[in-house]
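Close look at the chain arrangement
Listed below are the residues making up each chain.
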Amino acid sequence: MLLDDFLQQLYTGNNQARLETSYVVGMLAFNAGLWWSRSRWLTSLVLGLFALMQLMQLAHISYVGQPLNPVDISRMAEEWGEITEVADAAWKDHWPMMLAWGLPYVALFALFNRYLGRLELPGKPVAVVLILVALVSKPYWAATHNLVQFMPGPTRSSLHNSLSAYSFYVMRLSFGRSSLPDVAYLPYQLVQTPLASRPQHVWILLGETLRSDRMSVYGYARNTTPRLAEMHRQGQLQVVQGIAGAASTGVSIPLFMNGVMEPGNEEELRRGVGNLFRQAKAGGYHTFWLSTQESKLLNDVGADAIDTIFTEADNELAVQVQGDSLLLALVDKLPRDMPTFGVINMRAAHAPYENGYNHDKQFQPPWPAEGAAKAGNTYDNALRYVDNLVVDLMDKQVSQFPGNSVFLLTSDHGEMLGERGRWGHNVLTPEVAMVPAVSRVNWGENGAPALPDKPYLSHASLHGWVLGLLGARLENPNERADLAYFHGVDFYADNFFVTIMPDQVGRPVLGAPSLVSSLVRGL
């Protein structure tokens, strides 16, 4: 059931699926249930369903270059004529996909049909019930959760991605239902710009749940980031207030990596005109994504242009044992003899906050993880732990990777820590919007690049700065001066967002929440 991915990888690099231990175990258990059921009709139904989903999935990967998502599926009915026209013209170039898909499923049907009836196992009704429960679990989950959680991960099994995408489609987008408002925007244009000199190494550390006003480098009373604060005092860092793109990781990261600003501009996110990985790859950089989080965060970040990918799925045990400190070892494996560009994505500072540092016995938390102040204390402890890792990574870049270098620290979003009785980050509040924007530039000559001289920088502004380092400029005809957007948890639906504008002294002020559909109605 997982073989089709690896057969497809024999002729195209578009399929980036990897074996995940937990998913392999899950599929073994599911198949054992099929054999235990001794039910030809149930087995044939399951195999037929999987085969149909995988036919569409592998065809999409082969032609488009990335896995199907629920929105792609919802468009199929509307664009079926165009799809069949393209398929008729393209099949000669993509026919190996049929072998990658057909061989495993022919073998599966043959094995089950030949041997299933020979088994004499008790408890058939129990097995049938368990199989049905497994099949409906994802649709049940899809009925109550947002689309971001069902977007595909490029390195996940394509069958896993299919089950997620079709489950959400059936439960939320089928029969003409769609929660995607049709907002018209002018298209972005990418303009290449000549560079007098470029950085050899550009690293972006996308922290998890880093709230700037809880960091002492931003003036917080507790010394939560002593090493960053000391570097700032010595003039080694530029520190600006940052504004996250969205209140959830799965939305914020794709918006940042593509420089997409406007509510409901899903078309521009799909196009990826300003994608940082693609620009860096075209410029001769070795690109990388090093993350201790799940692989689905790669959705819409430009995985097709990333040379080195590591996510939690690649070594779950190492991530559990070493946590974010594993990132230091992963950086050591990057090439030194060519320019590097990439993202380092941490997990520490995500709730429960103590999980970010408890694995490291050498780390001594400064504040007690007990009593009424436990949540705030453990969050501040996690920031202290992140401070050490960030500075160690900065030092590695300067000492081990020769040439001009730029290191940018920001975060996917901030966190509510009990203010106004609220906790977590899936809310549109200043505490969740405010994130760090810290740069360290190691430049051996005059003209070192600096962050724009503004009171605050949105993720879109940070994207523009990084894109400029790579020799390009994104022209967005929809952009308005001093206007930023902070999006909710589901960019692909009728999502809530707020506008952000400066007050009289330049401080960011959040507007009232609005739905994307209000833009369609012109309200």
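Whatever comes next refers back to the structure up there.
The sections below set out a description of the structure shown in this document. Predicted model only: the values in this text are computed from it and were never measured. (Residues numbered from 1 in each chain as written. Predicted model: local features only at pLDDT ≥ 70, side-chain atom pairs only at ≥ 80, totals over all residues. Heavy atoms only, no water.)

Details of helix H2 (residues 21-37)
Put simply, the rule reads: Here a helix means four or more residues in a row that DSSP labels H or I, a strand means two or more in a row labelled E, and each is numbered from the N terminus. In this scheme, a helix's expected span is set at 1.5 Å multiplied by one less than its residue total. Each residue is assigned to one of three classes by its accessible area relative to the maximum for its type, calculated with a 1.4 Å probe on protein chains only: buried under 20%, partly exposed between the two thresholds, exposed over 50%. It is the directions from the helix axis to the C-beta atoms whose arc is reported.
Over its 17 residues, H2 extends 24 Å from the first C-alpha to the last, a length consistent with the 24 Å expected when each residue adds 1.5 Å. Every buried residue of H2 is accounted for by Tyr-23, Met-27, Phe-30, Asn-31, Gly-33, Leu-34 and Ser-37. In an axial view of H2, the angular spread of the buried residues amounts to 150°, which keeps them on one side of the axis. Away from its buried face by more than 90 degrees, H2 exposes Thr-21, Leu-28 and Ala-29.

Considering the packing of aromatic side chains
Stated formally: Any two rings among Phe, Tyr and Trp, with Trp reduced to its six-membered ring, count as a pair given centres within 6.5 Å; such a pair is stacked if its planes are under 30 degrees apart, edge-to-face if over 60, and tilted if neither.
Under the criterion given, the structure shown has 12 aromatic pairs. With a centroid separation of 6.2 Å and an interplanar angle of 90°, the aromatic rings of Phe-491 and Tyr-492 are classed as edge-to-face. On the accessibility criterion, Phe-491 (2% relative accessible area) is buried. You can call Tyr-492 buried: its relative accessible area is 3%. Among the aromatic residues, those joined into a cluster by ring pairs are Trp-203, Phe-288, Phe-401 and Phe-407.

Quick notes on the layout of surface pockets
Rules: As defined here, a cavity is a set of points on a 1 Å grid over the protein atoms alone where a 1.4 Å probe fits but cannot get out. A pocket is an open set with protein on both sides within 12 Å along at least five of seven lines, and residues line them when an atom is within 4 Å of a point. Grid points are joined across faces, edges and corners, and a volume is the space filled by probe spheres set on the points. Throughout this entry, Asp, Glu, Lys and Arg are counted as charged residues, while Ala, Val, Leu, Ile, Met, Phe, Trp, Tyr, Cys and Pro are counted as nonpolar. The remaining residues, Gly among them, count as polar.
Approximately 990 Å³ is the volume found for the largest pocket. If you go around the largest pocket, you meet 29 residues; those closest to its centre are Ala-59, His-60, Tyr-63, Val-64 and Ile-83. For the lining of the largest pocket, the elements supplying multiple residues, two or more each, are helix H3 (40-64), helix H4 (70-78), helix H5 (80-94), helix H6 (96-115) and helix H11 (266-271). With 9 residues, H5 is the single largest residue contributor to the lining of the largest pocket. A breakdown of the residues in the lining of the largest pocket according to their chemical character gives 16 nonpolar, 5 polar and 8 charged. Glu-208, Gln-293, Glu-294, Arg-347 and His-350 are the residues nearest the centre of the second largest pocket, which is lined by 31 residues in total. Contributions of two or more residues to the lining of the second largest pocket are made by helix H10 (249-258) and helix H13 (316-322). Of the residues forming the lining of the second largest pocket, the biggest block, 3 residues, is contributed by H10.

Quick word on empty space enclosed by the protein
In this approach the atoms are scanned with a rolling probe the size of a water molecule, which exposes any empty space left behind. For the structure on display, the rule yields 7 cavities of 30 Å³ or more. Taken as a whole, the largest cavity spans an internal volume of roughly 200 Å³. Along the wall of the largest cavity there are 21 residues; nearest its centre are Gln-66, Arg-278, Asp-300, Gly-302 and Ala-303. Taken as a whole, the second largest cavity holds about 90 Å³ of empty space. What lines the second largest cavity is Ala-244, Gly-245, Leu-255, Phe-256, Val-260, Met-261, Ser-458, His-459, Ala-460, Ala-484, Tyr-485 and His-487. Secondary structure elements with two or more residues in the lining of the second largest cavity: H10, helix H17 (459-469) and strand S13 (484-487). Top contributing element to the lining of the second largest cavity by residue count: S13, with 3 residues. Taken together, the residues that form the lining of the second largest cavity break down as 8 nonpolar, 4 polar and no charged.

Remember, this is a structural readout, not a statement about activity or role.
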